[in-house]
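One-letter residues, chain by chain:
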Amino acid sequence: QVQLVESGGGLVQAGASLRLSCVLSGRTCSTYAMGWFRPTPGTESEIVAAISWSGITTRYADSVKVRFTISRDNAKNTVYLQMSSLKPEDPAVYYCASDPRGERYSVNRNNYAYWGQGTQVTVSS
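What this report covers is the structure whose coordinates are included nearby.

### Some words on the state of the cysteines
Taken as a whole, this structure holds one disulfide when the rule is applied. The disulfide that involves cysteine 22 links it to cysteine 96, with 1.9 Å between the sulfurs. Here the S-S torsion is close to 50 degrees, and the disulfide linking cysteine 22 with cysteine 96 is therefore right-handed. You can see cysteine 22 sitting in strand 3 (residues 18–26) and its partner cysteine 96 sitting in strand 9 (residues 92–99), a full 74 residues away along the chain.

### A short note on the pairing of strand 4 (residues 33–40)
Counting buried positions along strand 4 gives six out of eight residues, so the element sits mostly inside the fold. Two strands pair when backbone bridges link them, and strand 4 and strand 9 are joined in this way by five bridges, in the antiparallel orientation. Bridge pairing links phenylalanine 37 to tyrosine 95 in strand 9. Relative to strand 5 (residues 43–51), strand 4 runs antiparallel, the two sharing six bridges. Its bridge partner being in strand 5, phenylalanine 37 is matched across the sheet by isoleucine 47. Count of turn residues in the strand 4/strand 5 antiparallel hairpin: two residues, of which glycine 42 carries a positive phi of about 85 degrees.

Scoring rules and cut-offs
Residues numbered from 1 in each chain as written. Predicted model: local features only at pLDDT ≥ 70, side-chain atom pairs only at ≥ 80, totals over all residues. Heavy atoms only, no water. Disulfide = S-S within 2.5 Å. Helix = DSSP H or I, 4+ residues; strand = E, 2+ residues; numbered from the N terminus. Buried < 20%, exposed > 50% of the residue type's maximum accessible area, 1.4 Å probe, protein only. Pairing = 2+ DSSP bridges.

Here's what the structure looks like:
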């Protein structure tokens, strides 16, 4: 069983920064891609950012490009989401998820087998 635990959420003012962390534990696969998701109106969730196992390739939603950065430290089984210039439309519960299929990330949430419990991000204007 794989467990993911997010942390780092909180209440900040618009324009501020936050860094989310997600730690994996349990029976992790040898290689796995990671993603951060958040619910959006009309959809179950959107992929905010994704990163390959090696960290070489990443992908971002258009709404967060330039402002957010995903990274990982495989030695610590941890993935990060650095969020800068937070906007009033960014508040949500942010979930990290693990895709155990291998190196490459997926933008399809159905490929992510393991999910954390989420961490709340709130932005005040």
